[in-house]
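Each chain is listed here by its residues.
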Amino acid sequence: MNTTPHSQGHHDHDHDHDHDHGHDHPLPSHEGESLVVEDEAGNLLAQQMVDALQALLIRKGLLSAGEVPLAIQALEAPGTHLGARIVARAWADPAFKQRLLANGKDGAAELGIKVGEAQLVVVENTPELHNVVVCTLCSCYPRSILGQPPSWYISKAYRARTVREPGRVLQEFGLQLPASTSICVHDSTADMRFLVVPMRPPGSELLDEDALSRLVTRDSMIGVAQALSPESK
């Protein structure tokens with residue numbers, strides 16, 4: 001697949017965040033560093049925990065397979081439903097999608113959603129182009145519509161490796177893109193945050209916006225995953 005690093009704007013070293021960081025030195029490469037922790041046998045501990053939790057909840061009949069990632073997302077990132085509403089409307093209304101792509105904050109405002117960040121750039125995934133978001137310097141993230149960033153988003157490995165080897169990083173998240181799909185990496189800044197509109201999954205044509213929003217996950221709006229399929233719900 002083709003890779004197109006893409007950076008808009010610049011990082012303001014004096015901007016305010018709700019977290020501490022320092023930019024006095026460039027990030028080390030962290031090339032090849034895993035985004036998850038492995039034990040001595042090479043097993044992915046994080047994935048083992050997720051699989052065990054999913055199997056337990058499904059076995060007890062508390063959740064379906066499709067509800068598991070949404071339940072985890074609700075715990076990790078309260079506020080993601082706002083971004084999901086925006087994406088669902090973009091899927092359902094082509095005219096709204098064009099306005100959203102032209103001006104993210106104005107598009108969100110049409111739904112009564114206030115974006116607290118200075119500027120919101122909305123990008124759309126297509127079969128030819130896949131977008132993924134990173135912040136190479138710290139953890140700039142659209143908190144007002146996606147909640148708190150996941151721990152891996154602010155990790156040094158993700159911040160460094162996503163720019164250098166985005167295809168491999170996406171594979172580690174379980175996302176295998178066709179060789180013909182180009183990858184565009186967007187570097188968030190203090191003044192500019194990004195929201196990815198994932199591709200609308202097949203079989204969702206008859207769903208209303210509420211149902212569509214339940215197919216949109218936090219990770220799909222960062223670009224490290226696809227939206228859920230209706231069959232998984």
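In what follows, the structure referred to is the one given above.
Residues numbered from 1 in each chain as written. Predicted model: local features only at pLDDT ≥ 70, side-chain atom pairs only at ≥ 80, totals over all residues. Heavy atoms only, no water.

Q: Teacher, can you tell me more about the overall build of the protein chain here?
A: Across its full length, the protein chain carries 10 helices and five strands. Per-residue burial for the protein chain yields a buried fraction of 45% across its 233 residues. A separation threshold of at least 6 residues defines the contact pool for the protein chain, and within that pool the share at least 24 residues apart is 73%. Entry remark: accessible area of the protein chain is about 11,800 Å², with carbon and sulfur atoms responsible for 53%. (Helix = DSSP H or I, 4+ residues; strand = E, 2+ residues; numbered from the N terminus. Buried < 20%, exposed > 50% of the residue type's maximum accessible area, 1.4 Å probe, protein only. Contact = heavy atoms within 4.5 Å. Areas by Shrake-Rupley, 256 points an atom, 1.4 Å probe, with all protein chains shown as cover.)

Q: How do you make sense of the environment of Asp 219 when you look at a structure like this?
A: Inspection of the secondary structure puts Asp 219 in helix α10 (residues 218-222). Residue Asp 219 is classed as buried on the basis of its relative accessible area, which comes to 18%. Taking the C-alpha atoms as reference points, Asp 219 and Val 132, 87 residues apart in sequence, are found 9.7 Å from one another. Apart from the residues lying within four places of it in its own chain, the contact partners of Asp 219 are Trp 152, Val 224 and Ala 225.

Q: What should I look at first to understand the packing of helix α3 (residues 80-92) against helix α4 (residues 94-102) in this one?
A: Contact geometry of α3 with α4 gives a least axis separation of 5 Å together with a crossing angle of 125°. Considered as vectors, α3 and α4 are oriented oblique to each other. In contact with Ile 86, Arg 89, Ala 90 and Ala 92 of α3, α4 contributes Pro 94, Phe 96, Lys 97 and Leu 100. Broken down by class, the residue content of the contact of α3 with α4 amounts to six nonpolar, no polar and two charged. (Axes fitted to C-alpha atoms, helices over the stretch in contact; angles between N-to-C directions. Parallel < 35°, antiparallel > 145°, perpendicular 65-115°, else oblique. Nonpolar A, V, L, I, M, F, W, Y, C, P; charged D, E, K, R; others polar.)

These values are about where atoms sit, not about what they do.
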